[in-house]
Amino acid sequence: MSTKVPPAWSGRGSWFAFEELVADWQDITVLEKKQHGTALKIRLCDEAAIYKPMLDRDRLRDEN
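Residues numbered from 1 in each chain as written. Predicted model: local features only at pLDDT ≥ 70, side-chain atom pairs only at ≥ 80, totals over all residues. Heavy atoms only, no water.

Caption draft 1: Examining the packing of aromatic side chains more closely. Scanning the model with the defined rule gives three aromatic pairs in all. A centroid spacing of 5.3 Å and a plane angle of 80 degrees characterise the contact between W9 and W15, whose relative ring orientation is edge-to-face. Centre to centre, the rings of W15 and F18 are 5.4 Å apart; their planes meet at 50 degrees, and the pair counts as tilted. Of this pair, W15 and F18 both sit in helix α1 (residues 15-28), three residues apart, roughly one helical turn. Following the ring pairs from residue to residue traces out a cluster consisting of W9, W15 and F18. (Phe/Tyr/Trp six-rings, centres within 6.5 Å; stacked < 30°, edge-to-face > 60°. Helix = DSSP H or I, 4+ residues; strand = E, 2+ residues; numbered from the N terminus.)

Below, the structure written as structure tokens:
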């Protein structure tokens, strides 16, 4: 995780801990809000990677 790279999610471990990491990352990131969803999608790996095709690109770009 860095100011441009969000935390990764493998589908294992605590979802709530991952949510906290994402909230912290959102506080420090230099990316525009419309890039947050896509950046998080890219960081899905291992067991969670199967969900990437199910995420709507237009909705990921929505700042809300």
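The discussion continues.
Caption draft 2: Molecular detail of the pattern of salt bridges. Taken as a whole and assessed by the stated rule, the structure comprises four salt bridges. Linking E47 and R12 is a salt bridge whose minimum nitrogen-to-oxygen distance equals 3.3 Å. Taken together, the residues E47 in the loop between α2 (33-42) and α3 (57-61) and R12 in the segment before α1 connect sequence positions 35 residues apart. Residue E47 is classed as partly exposed on the basis of its relative accessible area of 46%. For R12, a relative accessible area of 46% translates into the label partly exposed. Close ionic contact of E32 with K34 constitutes a salt bridge, the shortest N to O distance being 3.9 Å. Residue classification places K34 among the partly exposed residues on the basis of a relative accessible area of 41%. (Salt bridge = Lys/Arg side-chain N within 4 Å of Asp/Glu carboxyl O. Buried < 20%, exposed > 50% of the residue type's maximum accessible area, 1.4 Å probe, protein only.)

Caption draft 3: View of the nonpolar core. Counting eight residues, the largest nonpolar core consists of W9, F18, V22, W25, A39, L40, L44 and A48. For this core, the secondary-structure elements that each account for two or more residues are α1 and α2. Broken down by element, this core gets its largest block of residues, three residues, from α1. Residues contacting A48, with those up to four places away along its chain left out, are W9, S10 and G11. (Core = buried A, V, L, I, M, F, W, Y, C linked by side-chain atoms within 4.5 Å. Contact = heavy atoms within 4.5 Å.)

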